[in-house]
Amino acid sequence: MATQIDKEACREAYNQVRDDNTDTNWAVFKYEGSTIVAAGQGTDYEDFKSMCTDDARLFGFVRITTGDAMSKRAKFTLITWIGENISGLQRAKISTDKTLVKDIVQNFAKEFMISDARELDEDYIRTELKKAGGANYDAQAE
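Here's what I pulled together on the structure shown here. What you see is a predicted model; the values in this text were computed from it and never measured.

Section: the pairing of strand β4 (residues 57–67)
For step 1, the next point in the chain: Of all 11 residues making up β4, 10 are buried, and the element is well covered by its neighbours.
For step 2, the next point in the chain: In this sheet, β4 lies alongside strand β2 (residues 26–32) in antiparallel orientation, the contact comprising 5 bridges. Across the sheet, residue Lys30 finds its bridge partner in β4, namely Leu58.
For step 3, the next point in the chain: With 11 bridges joining them, β4 and strand β5 (residues 72–82) adopt antiparallel strand pairing. Opposite Phe61, over in β5, you have Leu78 as the bridge partner.

Shown next as structure tokens:
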């Protein structure tokens, strides 16, 4: 059966993360049968990480603040999580289903495909987003 997506709910969760007037900094889109649905959002990155289990396959849209004391910038990333216990067929399907998610999640600086929990480290994601951002004008400690 072809995968569907709950566009309205997923778009609302995406917009919550993008909105500078909310504290929401992540949203998760998960499979419910053959439909991708908005499955959670929050303000604590650790809560997002806790959803990335060995038995899960999901998409995460995450806001990370980068910069220094002089200039703070919000950067966004799309994380595709594929847990270790996910079958080969489901792994293959998530790659094609990602286009449905990208129809909604259109603005992000970097995309990650992760299956190792160590790569979900927030500092690692932040460093990669800084690299993707081009010039680095952070104030340097002397």
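And the narrative resumes.
Considerations on the packing of aromatic side chains
For step 1, the next point in the chain: If you walk through the whole model with that rule in mind, you get 6 aromatic pairs.
For step 2, the next point in the chain: Summarising the aromatic geometry, the rings of Tyr14 and Phe61 are spaced 4.8 Å apart at their centres and angled 50 degrees between planes, so their arrangement reads as tilted. Taken together, the residues span a long stretch of sequence, with Tyr14 in helix α1 (residues 7–18) and Phe61 in strand β4 at a distance of 47 residues.
For step 3, the next point in the chain: The buried category is assigned to Tyr14, whose relative accessible area is 6%.
For step 4, the next point in the chain: The class of Phe61 is buried, set by a relative accessible area of 0%.
For step 5, the next point in the chain: Taking 6.3 Å as the distance between ring centres and 40 degrees as the angle between the ring planes, the aromatic pair formed by Tyr31 and Phe59 counts as tilted. Taken together, the residues span a long stretch of sequence, with Tyr31 in strand β2 and Phe59 in strand β4 at a distance of 28 residues. One exposure class covers both Tyr31 and Phe59, and it is buried.
For step 6, the next point in the chain: Ring pairing ties together the aromatic residues Tyr14, Phe61 and Phe76, which thus form one cluster.
For step 7, the next point in the chain: The aromatic ring of Phe76 is capped on one face by Arg18, whose charged end is 4.5 Å from the ring centroid.

Some details on the nonpolar core
For step 1, the next point in the chain: Phe29, Ile36, Phe59, Phe61, Val101 and Val105 are the most contacted members of the largest nonpolar core, which has 19 residues in total.
For step 2, the next point in the chain: The set of elements that each furnish at least two residues to this core consists of α1, β2, β4, β5 and α3 (88–102).
For step 3, the next point in the chain: Top element by residues in this core is α1. It accounts for 4 residues.
For step 4, the next point in the chain: Ignoring anything within four residues of it in the chain, the contact list for Phe29 reads Cys10, Ala13, Tyr14, Ile36, Val37, Ala38, Ala39, Leu58, Phe59, Phe61, Val101 and Val105.

Things to note about the environment of Glu12
For step 1, the next point in the chain: With respect to the secondary-structure elements, Glu12 resides in helix α1.
For step 2, the next point in the chain: Taking the relative accessible area as the measure of exposure, Glu12 reaches 55% and is therefore exposed.
For step 3, the next point in the chain: Sequence separation of Glu12 and Ala38 is 26 residues, and the distance between their C-alpha atoms is 8.7 Å.

The rules behind each value
Residues numbered from 1 in each chain as written. Predicted model: local features only at pLDDT ≥ 70, side-chain atom pairs only at ≥ 80, totals over all residues. Heavy atoms only, no water. Buried < 20%, exposed > 50% of the residue type's maximum accessible area, 1.4 Å probe, protein only. Helix = DSSP H or I, 4+ residues; strand = E, 2+ residues; numbered from the N terminus. Pairing = 2+ DSSP bridges. Phe/Tyr/Trp six-rings, centres within 6.5 Å; stacked < 30°, edge-to-face > 60°. Lys NZ or Arg CZ within 6 Å of the ring centre and 35° of its normal. Core = buried A, V, L, I, M, F, W, Y, C linked by side-chain atoms within 4.5 Å. Contact = heavy atoms within 4.5 Å.

Note that all results are geometric; they support no functional claim without further evidence.
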